[in-house]
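Per-entry structural report
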Amino acid sequence: MLDTATMPVAAQTRVGRPGDPCVMVIFGAAGDLTRRKLVPALYNLARNQLLSREFAVLGIAHSSMSEEEFRKKVVEDVRQYTGNDGDPDLIEWFIRHMYYVTGEFEDKNIYPQLKSHLVRRTVTISSILRPHPTSSGQS
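The following refers to the structure shown. (Residues numbered from 1 in each chain as written. Predicted model: local features only at pLDDT ≥ 70, side-chain atom pairs only at ≥ 80, totals over all residues. Heavy atoms only, no water.)

Counting 23 residues, the largest nonpolar core has Leu 51, Phe 70, Val 74, Val 78, Phe 94 and Tyr 100 as its most contacted members. Going through the elements one at a time, helix 1 (32-47), strand 2 (55-61), helix 2 (67-81), helix 3 (88-95) and strand 3 (98-102) are the ones with two or more residues in this core. Other than its neighbours up to four places away in sequence, Phe 94 contacts Val 39, Leu 42, Tyr 43, Ala 46, Leu 51, Val 74 and Val 78. Core analysis: the second largest hydrophobic core is formed by seven residues, Ala 56, Ile 60, Tyr 99 and Ile 110 among them. (Core = buried A, V, L, I, M, F, W, Y, C linked by side-chain atoms within 4.5 Å. Buried < 20%, exposed > 50% of the residue type's maximum accessible area, 1.4 Å probe, protein only. Helix = DSSP H or I, 4+ residues; strand = E, 2+ residues; numbered from the N terminus. Contact = heavy atoms within 4.5 Å.)

In structure tokens form, the structure reads like this:
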């Protein structure tokens, strides 16, 4: 379930407006590009209040791991590649928006599974509207 719980306001001032609600699907979510570039960039968007509070990532890769293992990996990646240890509350909010499916891009049977995950995330995003951890309570 997507949790958009309220977290403390970041010390920084937001530049721009948050993106629209979405679920981002990342093929190769266990790979180097995701680890070094995508995860830190998404975390920095969250830190700068530019991610929608109704945001989620659905990662898919051939590496066999549970959703919890994927989330632990994301925490390690944030800490290693953002240049700081990160805000623990913001990291917790961020990883609760991370989901994982083990599968191969070429496997046509993975797509119904992805569709099922996306439908569940979309319903969850639409039904749970709680403030982003760095928002001041404004929508």
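Spatially, 1-2-3 is the arrangement adopted by the three strands of the open sheet, whose pairing is parallel. This sheet does not close on itself; its edge strands, each paired only once, are strand 1 (22-27) and strand 3. Going across the sheet, the axis of each strand differs from the next one's by a mean of 20°, ignoring polarity. When strand 2 meets strand 3, the two strands line up parallel, connected through five bridges. Note that in strand 3 the partner of Gly 59 across the bridge is Tyr 100. (Pairing = 2+ DSSP bridges. Axes fitted to C-alpha atoms, helices over the stretch in contact; angles between N-to-C directions.)

As a packed pair, helix 1 and helix 2 sit with axes 9 Å apart at the nearest point and diverge in direction by 85°. Classified by the angle between their axes, helix 1 and helix 2 sit roughly perpendicular to one another. Within the contact between the two elements, helix 1 uses Arg 35, Arg 36, Val 39, Pro 40 and Tyr 43 and helix 2 uses Lys 73, Val 74, Asp 77, Val 78 and Tyr 81. Partitioning the contact of helix 1 with helix 2 into residue classes produces six nonpolar, no polar and four charged. (Parallel < 35°, antiparallel > 145°, perpendicular 65-115°, else oblique. Nonpolar A, V, L, I, M, F, W, Y, C, P; charged D, E, K, R; others polar.)

Before going further, it helps to spend a moment on the packing of aromatic side chains. Tallied over the full model, the rule gives four aromatic pairs. Centroid distance Phe 27 to Phe 105: 5.5 Å. Interplanar angle 90°. Geometry classified as edge-to-face. Of the two residues, Phe 27 is situated in strand 1 and Phe 105 in the loop between strand 3 and helix 4 (110-127); the sequence distance between them amounts to 78 residues. Given a relative accessible area of 52%, Phe 105 falls into the exposed group. What links up through ring pairs into an aromatic cluster is the set Phe 27, Phe 105 and Tyr 111. A cation over a ring is seen here: Arg 71 above Tyr 99, with NZ or CZ 5.1 Å from the ring centre. (Phe/Tyr/Trp six-rings, centres within 6.5 Å; stacked < 30°, edge-to-face > 60°. Lys NZ or Arg CZ within 6 Å of the ring centre and 35° of its normal.)

Right, let's talk about the pattern of salt bridges for a bit. Charged atoms that come close allow side chains of opposite charge to pair. Per the stated rule, a full pass over the model turns up eight salt bridges. Salt-bridge contacts for Arg 35 lead to Asp 32; the nearest nitrogen and oxygen are separated by 3.6 Å. With Arg 35 and Asp 32 both in helix 1, this residue pair falls three residues apart, about one helical turn. Overall, the relative accessible area of 36% leaves Asp 32 in the partly exposed class. When the shortest N-O distance is used, the salt bridge between Arg 35 and Asp 77 registers 4.0 Å. Linking Arg 35 in helix 1 with Asp 77 in helix 2, this pair joins segments that are 42 residues apart in sequence. (Salt bridge = Lys/Arg side-chain N within 4 Å of Asp/Glu carboxyl O.)

On to the packing of helix 2 against helix 3. At a minimum axis distance of 10 Å, the contact between helix 2 and helix 3 shows a crossing angle of 140°. Relative to helix 3, the element helix 2 lies oblique. Classified by chirality, the crossing of helix 3 by helix 2 is right-handed. On helix 3, the residues touching Arg 71, Val 74, Val 75, Val 78 and Arg 79 of helix 2 are Ile 91, Phe 94 and Ile 95. In terms of residue class, the contact of helix 2 with helix 3 is made up of six nonpolar, no polar and two charged. (Left-handed = near helix turned anticlockwise from the far one by under 90°.)

Note that every value here comes from positions in space, so none of it alone points to a role or purpose.
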